[in-house]
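# Commentary on secondary and tertiary structure
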Amino acid sequence: MSAPQQRRIIFQHIDEPGYTPDIDCYLRHGGYEILRRAVTRPPGELRDEVKQSGLRGRGGAGFPAGVKWSLVDRKSGKPIYLIVNADESEPGTFKDRYIIHQDPHQLIEGTMISCFANDVKQAYIYIRGEMPHGARLLERAIAEARAKNFVGPNILGTGYSCEIYVHRGAGAYICGEETGLIESLEGKRANPRIKPPYFPAVLGLYQCPTIVNNVETLCHVRHIIDMGGVEYAKIGTPNNTGTRIFGVSGHVQRPGTYEYECGKITLGQLLYDVCGGPLPGRKLKAVIPGGSSAKVLRFGEKFTLKNKDGSTRELAMEDIPLDFDTLAACGTMGGSGGLIVMDDSVNMVEALANINAFYSHESCGQCTPCREGSLWMKKITSRMVHGNARREDAALLKGVADQIPGRTICAMGEGCSWPTQSFLAKFGEEFEAYHETKKNRPADALPLI
Ligand SMILES: Cc1cc2nc3c(=O)[nH]c(=O)nc-3n(C[C@H](O)[C@H](O)[C@H](O)COP(=O)(O)O)c2cc1C
Ligand code: SF4
């Protein structure tokens with residue numbers, strides 16, 4: 001079966017000839033009309049629409065946005081903050097940068113509607129430090145929106161005032177973890193906080209109730225308010241509503257960003273029909289489906305899944321519908337929507353060594369299992385690729401990875417161990433033959449880590 005059509009909601013105008021990131025272009029395409037309508041409605045009604053939409057966060061964990069908003073402590077008397085998470089540092093993830101570069105006003109409008117819905121008077125866009133162009137575009141977009149009275153004091157004459165500030169990130173992956181981000185925004189080192197008690201909805205920025213949402217999530221809010229939560233929930237599949245942007249990188253003919261209804265396209269359709277399949281003469285070998293933390297899938301794998309009535313069904317890896325729940329049932333996750341594709345030219349020991357080098361560099365160091373474990377995993381895979389490993393190293397690697405999850409302050413403990421656990425489980429033979437890794441490297445391969 002060939003791939004369905006893209007359903008371009010967030011990408012409605014992105015890539016259209018002549019579509020530019022300035023406000024005049026945005027206004028010509030109906031921009032800020034939804035904000036205009038939103039500010040005439042009771043904020044609680046807008047929150048209900050988001051809840052009814054079933055929208056799940058697009059930043060990684062897939063937590064329902066409406067539920068997150070409902071957890072905000074509205075009785076404390078403290079200001080409520082909203083933070084747009086534009087840190088986007090997960091390897092293999094590049095959708096938020098694309099939205100910001102192509103259509104910054106869509107994000108500003110989604111953010112302002114979300115602020116109004118939650119009685120937020122100050123919002124921050126925390127953008128990855130290495131994205132200076134995006135930061136400049138956002139600064140300009142906010143200034144343009146302020147000049148037209150969509151941001152700032154007395155928005156559209158309603159008496160409601162709200163400012164948005166752009167804050168450039170501190171250049172570390174951990175700044176994307178919501179409580180690390182909050183620490184960084186407060187001017188400190190981005191050490192994640194312990195939950196409980198520091199759930200952002202109660203004790204977030206400056207110990208005040210805080211909403212942290214991903215860029216794409218907040219863009220969806222604009223469309224939910226436009227079409228209504230119930231209508232939005234008809235897009236996608238039950239419990240996996242709406243569209244999502246898939247960023248495909250690696251060994252396919254047409255890598256890029258594509259927007260599809262959640263669960264309406266399979267992994268095989270996306271990689272073969274949409275992305276053109278493998279490069280000439282190559283075969284697809286593995287894919288990491290949701291950013292580098294997600295567990296790897298091996299081409300040819302089959303999964304036994306439970307049906308609602310208790311019976312089971314078998315699902316081939318290529319037939320996995322791309323939604324949060326099926327990917328989780330297959331032992332991995334939709335995560336950030338970034339798919340990293342590897343063909344048969346890739347040695348999995350080398351690929352894992354690369355990932356492990358990243359995580360050991362990015363661990364903030366607060367928790368021993370993550371700090372030491374990520375470093376050990378890096379050292380072991382590094383000596384494997386250099387041909388210096390010991391016979392027992394594959395077992396040691398597994399032992400280290402298995403001791404990290406569930407024992408750390410933040411989810412990076414899981415994120416750094418899942419690649420090692422899944423690479424070993426699915427490509428164990430390459431780790432057993434680690435002494436061949438160096439010998440088999442093609443002459444034109446990149447330098448080893
Ligand atoms: C180590 C780590 C890094 C993260 N990096 C990002 C990031 O760059 N962008 C993002 O939106 N979420 C990131 N997250 C998830 C955030 O903590 C948070 O769940 C998310 O911003 C919530 O937004 P959402 O509910 O709209 O998905 C990261 C989580 C962890 C554990
Ligand atoms: S799990 Fe790792 S990154 Fe997260 S707080 Fe602990 S040491 Fe830091």
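For the structure itself, consult the block above.
Residues numbered from 1 in each chain as written. Chains lettered and ligands numbered in written order. Predicted model: local features only at pLDDT ≥ 70, side-chain atom pairs only at ≥ 80, totals over all residues. Heavy atoms only, no water.

### Quick word on the overall build of the chain
Definition in use: For helices the rule is a DSSP run of H or I covering at least 4 residues; for strands it is a run of E covering at least 2, with both sets numbered from the N terminus onward. Put simply, the radius of gyration uses C-alpha atoms, and a globule should come to 2.2 Å times the residue count raised to 0.38. The sign given to each residue is positive for Lys and Arg and negative for Asp and Glu; His and the chain ends receive no count. By convention, the charge on Lys lies at NZ, on Arg at CZ, on Asp at CG and on Glu at CD.
Scanning the chain for helices and strands turns up 19 helices and 13 strands. A compact globule built from 449 residues would reach a C-alpha radius of gyration of about 22 Å, and the chain, at 22 Å, matches this within 12%. When the backbone C-alpha atoms are referred to their principal axes, the chain occupies close to 70 × 50 × 50 Å. Measuring between centres, the 53 positive side-chain charges of the chain sit 3 Å from its 51 negative side-chain charges.

### Quick word on the sheet that holds strand β8 (residues 256-261)
Spelled out, the test is: Between any two strands, at least two bridges found by DSSP are needed for them to pair.
In space, the 5 strands of this open sheet follow the order β8-β7-β13-β9-β10, with mixed pairing throughout. At either margin of the open sheet sits one strand with a lone partner, and together these are β8 and β10 (297-298). Both strand β7 (residues 243-250) and strand β13 (residues 338-343) contribute to a ladder of 4 bridges, which runs parallel. Among the inter-strand pairings, Gly-247 is bridged to a residue of β13, identified as Gly-338.

### Some remarks on the sheet that holds strand β4 (residues 210-214)
Across a sheet, strands are paired by hydrogen bonds formed along the backbone, either parallel or antiparallel in direction. The condition that has to hold: Comment: axis = line fitted to C-alpha atoms, over the contacting stretch for helices; angle = value between 0 and 180 degrees taken between N-to-C directions. Any two residues having at least one pair of non-hydrogen atoms within 4.5 Å are treated as being in contact.
Taken in spatial order, the 4 strands of this open sheet run β3-β2-β1-β4, and their pairing is parallel. Where the open sheet ends on each side, the last strands, each with one partner, are β3 (163-168) and β4. Shown here is a sheet whose adjacent strand axes are inclined to one another by a mean of 20 degrees, direction ignored. For strand β1 (residues 81-86) and strand β2 (residues 122-127), the ladder comprises 6 bridges, and the chain directions are parallel. When the bridges of β2 are listed, Val-84 appears paired with Ile-125. Across the face of the sheet, helix α7 (residues 132-147) comes into contact with β2 and β3 while running at roughly 170 degrees to β3.

### Considering the pairing of β8
In regular strands, side chains alternate between the two faces of the sheet. Cut-off, in case you're wondering: Exposed residues in this analysis have more than 50% of their type's maximum accessible area, buried residues have under 20%, and partly exposed residues fall in between, with area computed by a 1.4 Å probe over protein chains only.
Of all 6 residues in β8, 6 are buried; the element is thus mostly enclosed. Where β7 folds back on β8, the antiparallel hairpin that results is connected by 5 residues.

### Some words on the packing of aromatic side chains
Spelled out, the test is: Classification of ring pairs uses Phe, Tyr and Trp, with its six-membered ring standing for Trp, and accepts pairs whose centres are within 6.5 Å; under 30 degrees between planes counts as stacked, over 60 as edge-to-face, and the remaining range as tilted.
The tally for this structure, following the rule as stated, stands at 11 aromatic pairs. Considering the side-chain rings of Phe-11 and Tyr-98, the 5.8 Å spacing of their centres and the 70 degrees angle between planes classify their relative orientation as edge-to-face. Of this pair, Phe-11 sits in the segment before α1 (23-28) while Tyr-98 sits in helix α5 (residues 95-102); the two residues are 87 residues apart in sequence, bridging distant segments of the chain. Members of the aromatic cluster, connected to one another through ring pairs, are Tyr-81, Tyr-124, Tyr-165 and Tyr-206.

### Details of the side chain of Glu-177
For the record, the criterion: As used in this structure description, the phrase polar contact means that two N or O atoms lie within 3.5 Å; if the pair is within protein, one of them must be able to donate a hydrogen and the other to accept it, and residues adjacent in sequence are counted only when both atoms belong to side chains.
Note that Glu-177 resides in the loop between β3 and α8 (178-185). For Glu-177, a relative accessible area of 16% gives the class buried. For Glu-177, the side chain forms a polar contact with the main-chain nitrogen of Gly-180, separated by 2.9 Å. Look past the residues within four positions of Glu-177 in its chain and what remains in contact with it is Pro-192, Lys-195 and Cys-410.

### Looking at the site of ligand 2
Short version of the rule: What makes a residue near a molecule or strand is one non-hydrogen atom of that residue sitting within 4 Å of it. Residue polarity is assigned by list, with Asp, Glu, Lys and Arg as charged and Ala, Val, Leu, Ile, Met, Phe, Trp, Tyr, Cys and Pro as nonpolar; anything else, Gly included, falls into the polar class.
Taken together, 13 residues are adjacent to ligand 2, and Cys-364, Cys-367, Cys-370, Thr-408 and Cys-410 come closest. Considering only residue class, the shell around ligand 2 consists of 8 nonpolar, 5 polar and no charged.

### Observations concerning the pattern of salt bridges
As a reminder of what qualifies: What makes a salt bridge here is a side-chain nitrogen of Lys or Arg within 4 Å of a carboxyl oxygen of Asp or Glu, nothing more.
For the structure shown, the criterion picks out 33 salt bridges. Among the charged side chains, a network of salt bridges with common partners joins Arg-58, Lys-95, Asp-96 and Glu-216.

### Quick word on the site of ligand 1
Which entries qualify depends on this criterion: Residue burial considers only the protein chains on display, and all accessible areas are found by Shrake-Rupley using a 1.4 Å probe.
Close to ligand 1 lie 19 residues, the nearest being Gly-59, Lys-68, Asn-85, Asn-214 and Thr-217. Measuring from an oxygen atom of ligand 1, one finds a backbone N or O atom of Gly-59 at 2.7 Å. Within the side chain of Asn-85, an N or O atom sits 2.9 Å from an oxygen atom of ligand 1. For ligand 1, whose accessible area on its own is 610 Å², the fraction buried by protein is 89%. Looking at the shell around ligand 1 element by element, the count peaks at 3 residues for β4. Taken together, the residues of the shell around ligand 1 break down into 5 nonpolar, 8 polar and 6 charged.

### Let's talk about the packing of α5 against helix α10 (residues 215-227)
Here is the rule we go by: Note on terminology: angles under 35 degrees are roughly parallel, angles over 145 are roughly antiparallel, angles of 65 to 115 are roughly perpendicular, and the others are oblique.
Axis separation between α5 and α10 bottoms out at 9 Å; the angle between their running directions is 55 degrees. Classified by the interaxial angle, the pair formed by α5 and α10 is oblique. The residues of α10 that touch α5, namely those facing Lys-95, Asp-96, Ile-99 and Ile-100, are Val-215, Glu-216 and Cys-219. Residue composition of the contact of α5 with α10, grouped by class: 4 nonpolar, no polar and 3 charged.

### Considerations on α10
As a reminder, the rule being used: Every helix has an expected span of 1.5 Å times one less than the residues it contains.
Its 13 residues give α10 an end-to-end C-alpha distance of 19 Å, which sits within 8% of 18 Å, the value for a rise of 1.5 Å per residue. Between the side-chain oxygen at the start of α10 and the backbone nitrogen of Glu-216 there is a gap of 2.8 Å, and the oxygen is on Asn-214. Immediately downstream of α10, the backbone of Gly-228 shows phi near 95 degrees, a positive value.

In short, geometric facts, not functional conclusions.
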